[in-house]
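Summary of the model geometry
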Amino acid sequence: GGVGARGVVTSASYEARAYGCRNAMPMAQARRLCPQAVAIPPDFAGYRRWSARVMRIFQSVTPLVEPLSLDEAFLDIRGARGLFGDAVRIARLLRARVREEAGLALTVGVAANKFLAKLASTRGKPDGLLVVPADRAVEFLHPLPVAALWGAGHATVEVLARYGLRTVGEVAATPPATLERALGQALGAHLHELAWGRDDRPVVPFEAAKSVGSEETFASDIDDPERLAREVLRCCVRVGRRLREAGLAGRTVTLKLRFADFRTITRARTLPAATDTDAELHEVAGDLLARLKLGRVPVRLVGVAVSNLLERAAAPVQLRLGPDRPGWEEAVRAADAVRERFGEDAIDLASLAAERPPEAFQEARQQPRARREPLLPPDVG
């Protein structure tokens with residue numbers, strides 16, 4: 001996770017978890033709990049590449065793959081059984097292929113619906129295979145704590161505890177009307193269905209992204225307008241690359257700022273045509289920042305996001321009047337290729353590169369990406 005004073009744990013190894021470290025915990029607290037732990041900055045570009053590799057393995061078995069995150073997915077394998085065998089055989093095949101082709105451990109939960117499969121995969125970690133037969137789902141579910149139910153967060157668990165409901169079985173035995181009075185109609189009915197192992201949601205192979213963004217929380221608040229402007233530019237470069245990697249372009253650019261007192265504001269502007277180019281994104285985000293006239297106001301976080309997305313190939317070309325940027329699109333795509341091969345630090349805009357020591361570029365130049373694939377956190381994959 002983040003190694004600065006305000007860093008947050010992105011992922012904790014099982015060894016670190018034994019000391020109480022967990023995801024989303026402040027890094028400073030994790031270091032106090034486990035002083036001997038090694039903190040590694042995340043490499044999300046690397047994780048996306050590894051994730052794509054694993055997802056391609058899944059899709060070679062069934063087209064019905066619904067990604068939950070970079071390291072999780074639901075697979076509907078009903079149509080693949082005639083070719084590959086039953087669900088357990090397919091699970092073993094996937095685990096073997098991911099191990100052989102990606103070098104990663106894969107935990108699989110096999111069950112009749114998404115909720116039970118997700119729960120089985122959680123209970124099967126690390127590096128396991130857990131099968132929940134349909135006729136034993138209730139036997140598997142009812143001894144578990146209520147926190148195992150999807151939608152039962154900390155506040156919901158506390159409410160249920162006040163009613164003496166601490167296990168899934170106790171929730172299942174409670175009349176739905178009682179749960180709805182305690183939790184609200186929608187959540188009460190939802191938890192009662194899950195407590196009996198009922199979940200009729202289908203596997204949805206693909207859901208288009210609603211936005212692409214990048215945020216940065218600073219180690220110390222920034223009150224220098226020029227430095228803040230550079231951080232906005234840095235976010236635009238990241239967002240532009242993520243759009244191009246996904247084959248997307250967007251029309252609405254949103255700037256987000258969080259101040260030292262945690263007050264958060266956003267400003268947005270919609271373009272006449274979609275774009276995925278860093279310079280156009282920065283033209284908008286930079287102008288939104290300038291119009292705020294912040295002066296020396298301390299800023300804790302800055303972010304840029306692009307929404308109103310569509311496939312890049314379907315985006316109409318906007319004819320621009322006035323000064324043009326000949327070769328700009330070719331330049332950013334060439335920079336993308338350099339970063340893909342040599343790493344994130346291999347090339348940058350001059351105004352951003354000036355803040356980094358020359359040895360960062362020297363190291364990237366000497367070590368092509370193919371020779372230094374990033375290590376994943378232990379529970380990714």
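Above this text sits the structure in question.
Residues numbered from 1 in each chain as written. Predicted model: local features only at pLDDT ≥ 70, side-chain atom pairs only at ≥ 80, totals over all residues. Heavy atoms only, no water.

Things to note about the overall build of the protein
Here is the rule we go by: The numbering of helices and of strands both runs from the N terminus, where a helix is a DSSP run of H or I of at least 4 residues and a strand a run of E of at least 2. Only protein chains enter the calculation, and the probe is 1.4 Å; a residue is then buried if its accessible area is under 20% of its type maximum, exposed if over 50%, and partly exposed in between. Any two residues whose heavy atoms approach within 4.5 Å are treated as being in contact. Per-residue and other accessible areas follow the Shrake-Rupley method at a 1.4 Å probe size, with only the shown protein chains counted as cover for residues.
Of regular secondary structure, the protein possesses 16 helices and eight strands. Relative to its full complement of 381 residues, the protein shows a buried share of 39%. A fraction of 62% describes how many contacts in the protein between residues 6 or more apart in sequence connect residues 24 or more apart. Accessible surface, the protein as shown: approximately 20900 Å² in total, 55% of it carbon and sulfur.

Notes on the pattern of salt bridges
Quick reminder of the rule: Here a salt bridge means any side-chain nitrogen of Lys or Arg lying within 4 Å of a carboxyl oxygen belonging to Asp or Glu.
Going through the model one piece at a time under the given rule, you end up with 19 salt bridges. A salt bridge links aspartate 223 to arginine 296, with the shortest nitrogen-to-oxygen separation between them at 3.5 Å. Here aspartate 223, found in the loop between strand E5 (211-222) and helix H12 (225-246), pairs with arginine 296, found in the loop between helix H13 (278-292) and strand E8 (299-311); they are 73 residues apart in sequence, far enough to count as distant. With a shortest N-O distance of 2.8 Å, aspartate 278 and arginine 244 are connected by a salt bridge. Residue aspartate 278 is found in helix H13, and its partner arginine 244 is found in helix H12; the two are separated by 34 residues along the sequence. Arginine 244 matches aspartate 278 in its accessibility class, with the two residues each being buried.

Some details on the pairing of strand E6 (residues 248-259)
Formally: Should DSSP find at least two bridges between two strands, the strands are regarded as paired.
As defined by bridge partners, E6 adjoins E8 across 11 bridges and the pair is classed as antiparallel. Note that in E8 the partner of leucine 257 across the bridge is valine 302. Here E6 pairs with strand E7 (residues 264-275) via eight bridges, running antiparallel. Paired with glycine 250 across the strands is threonine 275, a residue of E7.

Concerning helix H5 (residues 87-102)
Filter applied, for reference: One fewer than the residue count of a helix, multiplied by 1.5 Å, yields its expected span. Our arc is simply the arc of the directions from the helix axis toward the C-beta atoms.
Taking 1.5 Å of rise per residue, the 16 residues of H5 would be expected to cover 22 Å, and the 22 Å separating its terminal C-alpha atoms lies within 8% of that figure. Within the sequence span of H5, burial applies to Ile90, Ala91, Leu94, Val98 and Ala102. Considered in projection along H5, the buried side chains sweep an arc of 100° and stay on one side of the axis. Residues Arg89, Arg92 and Glu100 are exposed on H5 and point more than 90 degrees away from its buried face. Buried-residue contacts for H5 involve helix H3 (44-59), strand E2 (72-75), helix H4 (81-84), strand E3 (108-110) and strand E4 (129-131). Just downstream of H5 lies glycine 103, where phi reads positive at about 70°.

Things to note about the environment of arginine 230
Mapped onto the elements of the fold, arginine 230 is located in helix H12. As for arginine 230 and histidine 282, which are separated by 52 residues in sequence, their C-alpha atoms are 9.9 Å apart.

With respect to the packing of H3 against H5
Operational definition: Every angle, taken between N-to-C directions, lies between 0 and 180 degrees, and every axis is a line fitted to C-alpha atoms, over only the stretch in contact when it is a helix. For this classification, under 35 degrees means roughly parallel, over 145 means roughly antiparallel, 65 to 115 means roughly perpendicular, and everything else is oblique. For any pair of crossing helices, the crossing counts as left-handed if the nearer helix is rotated counterclockwise from the farther one by less than a right angle, and right-handed if it is rotated clockwise. Here the term charged refers only to Asp, Glu, Lys and Arg, the term nonpolar to Ala, Val, Leu, Ile, Met, Phe, Trp, Tyr, Cys and Pro, and the term polar to all other amino acids, Gly among them.
Two elements in contact, H3 and H5, have axes whose closest approach is 10 Å; the angle formed by their N-to-C orientations is 140°. With respect to each other, H3 and H5 are oriented oblique. Considering only the axes of H3 and H5, their crossing is right-handed. Here H3 contributes Trp50, Arg53, Val54, Ile57 and Phe58 to the contact with H5, which in turn contributes Leu94, Arg97, Val98, Glu101 and Ala102. Along the lines of polarity and charge, the residues of the contact of H3 with H5 split into seven nonpolar, no polar and three charged.

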